[in-house]
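Inside the fold
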Amino acid sequence: MSDKIERIKCLIIGSGPAGYTAAIYAARADLKPVMYTGMEPGGQLTTTTEVDNFPGYPDGVDGPQMMVDLQKQAERFGTQVRIGMVTEVEFSDKVGGIHRACVDNSTWVEAETIIISTGATAKYLGLPSEQRLRGGGVSACAICDGFFYKGQDVAIVGGGDTAAEEATYLANICNKVTMLVRGDQMRASKAMQHRVTNTKNIDLRYNTEVDEVLGDQVVEGLRMLNNQTGEKEEIKITGMFIAIGHKPNTDIFKGKLDMDETGYLITKSKSTKTNIPGVYASGDVQDKIYRQAVTAAGTGCMAALDAERYLAEVESEEGEEVKTTKKVEA
Ligand code: NDP
């Protein structure tokens, strides 16, 4: 077997809506993309059931089915989808430089461009009852799943901007929203806090934590604990939303790419460019605000277009250099 390292024009890391959309565009632009899927092929959507807010599916679509469809579409244009986890990267900071990625701690590949779409992982409380009822009424995305609880009583945990935004979103759809904030104040911006306190059907509880999510197959209630008084209280709910933050999957890029204090990759305004030429970021790994499948897909498209333009510029610069050298030699 040859020891020659494989050289790829466009390497895509991660297989959510951002990665697959990048793959579709990159493949159609003849960049012959290779995608490594990561540990959870298909990304976060494979852990949801029905996706009702992706345009083009009037009757909704099963999350895992949507990812199978996206994979088929990416493969139709020649994307190679490979199961594997990128465990290490080495970037070149030169325009036209070659980047390297190690797959499963064993095989190195070289790439002219890299599109990072490794996503973010929603944080959960870690209670056994919460984990058991994921998909049975416990969700980490109110925008995705809130609609299923129309007219019902639900609860949301968290006191940041996401929790505040999602609480007001749910309040529009649901009968009552009980919001549990573990401290004596919210971390959300003042404007968001005002929205919460001015919404009549949000019952805001400070110093309150989840003691237990109640229900066998589906969520039926919640036992809350006041961490100041030790008092416990049970309420009836059918939906339980966790909004305590996300962790962007960027550990392997630490010290190598610019990121914010929570680890989200920083892209240059109105583009998917990172601080390294030829390396792009799309989807939730660079978006802590919108975090939707459709916005992730949009930035995946942008990343492929950015990569394609970059390669065209590098090729034309190389062509110019060859011409100049020939002139000098003549
Ligand atoms: P944050 O990290 O800002 O907030 C997390 C919240 O969850 C905090 O209130 C925290 O409590 C609470 N929390 C954490 N762990 C637990 C736990 N185990 N049990 C109970 N509560 C817990 O995350 P967000 O997702 O809200 O926001 C992430 C970033 O995205 C922020 O910078 C935010 O400003 C930004 N954002 C901006 C939006 C916008 O501009 N429209 C919309 C959404 C997010 P505590 O405070 O006690 O630590």
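Since the model is a prediction, treat every value here as computed from it, not as a measurement. (Residues numbered from 1 in each chain as written. Predicted model: local features only at pLDDT ≥ 70, side-chain atom pairs only at ≥ 80, totals over all residues. Heavy atoms only, no water.)

Regarding the pairing of strand S8 (residues 107-116)
By the criterion of burial, S8 is predominantly enclosed, with seven of the 10 residues buried. Pairing between strand S1 (residues 6-13) and S8: seven bridges, direction parallel. Bridge assignment links Ile12 to a residue of S8, and that residue is Ile115. Relative to S8, strand S7 (residues 99-103) is paired through five bridges, and the arrangement is antiparallel. Pairing of Ala101 across the sheet is with Val109, part of S8. Sheet topology places S8 next to strand S19 (residues 279-281); three bridges connect them, and they run parallel. What sits directly across from Ile115, in S19, is Tyr280. (Buried < 20%, exposed > 50% of the residue type's maximum accessible area, 1.4 Å probe, protein only. Helix = DSSP H or I, 4+ residues; strand = E, 2+ residues; numbered from the N terminus. Pairing = 2+ DSSP bridges.)

Considering the site of the ligand
As a matter of local geometry, the ligand sits amid 14 residues, with Gly159, Asp161, Thr162, Arg182 and Arg187 nearest to it. Thr162 is positioned with one of its side-chain polar atoms (N or O) 2.7 Å from an oxygen atom of the ligand. In this structure, Glu165 approaches the ligand through a side-chain N or O atom, which is 3.1 Å from a nitrogen atom. In the complex, the protein chains occlude 70% of the 910 Å² of accessible area that the ligand would expose alone. It is helix H5 (residues 161-173) that provides the largest number of residues to the shell around the ligand, a total of three residues. Residue composition of the shell around the ligand, grouped by class: four nonpolar, five polar and five charged. (Near = heavy atom within 4 Å. Polar contact = N/O pair within 3.5 Å; in protein donor to acceptor, adjacent residues only side chain to side chain. Areas by Shrake-Rupley, 256 points an atom, 1.4 Å probe, with all protein chains shown as cover. Nonpolar A, V, L, I, M, F, W, Y, C, P; charged D, E, K, R; others polar.)

A look at the sheet that holds strand S16 (residues 232-236)
Within a sheet, adjacent strands bond to each other through the backbone by hydrogen bonds, running parallel or antiparallel. If you walk across this open sheet you meet the three strands as S14-S15-S16, and the pairing is antiparallel. Where the open sheet ends on each side, the last strands, each with one partner, are strand S14 (208-214) and S16. Neighbour-to-neighbour, the strand axes of this sheet turn through a mean angle of 25°, independent of strand direction. Note that S14 and strand S15 (residues 221-226) share six bridges and pair antiparallel. Bridging from a neighbouring strand, Val213 pairs with Leu222 of S15. (Axes fitted to C-alpha atoms, helices over the stretch in contact; angles between N-to-C directions.)

Remarks on the domain arrangement of the protein chain
When the domains of the protein chain are assigned, the result is domain 1 (6-121 + 246-329) and domain 2 (124-242). Here the C-alpha centre of domain 2 lies 34 Å away from the C-alpha centre of domain 1. Counting from both sides, the interface comprises five residues of domain 1 and, opposite them, five residues of domain 2. Roughly 580 Å² of surface becomes buried between domain 1 and domain 2 when both sides are summed, with 45% attributable to carbon and sulfur atoms. Connecting domain 1 to domain 2 are zero salt bridges. Among the residues making up the side of domain 1 that touches domain 2, the classes are represented as no nonpolar, two polar and three charged. (Domains from an automatic or database assignment. Contact = heavy atoms within 4.5 Å. Buried area = accessible area lost by both parts, 1.4 Å probe. Salt bridge = Lys/Arg side-chain N within 4 Å of Asp/Glu carboxyl O.)

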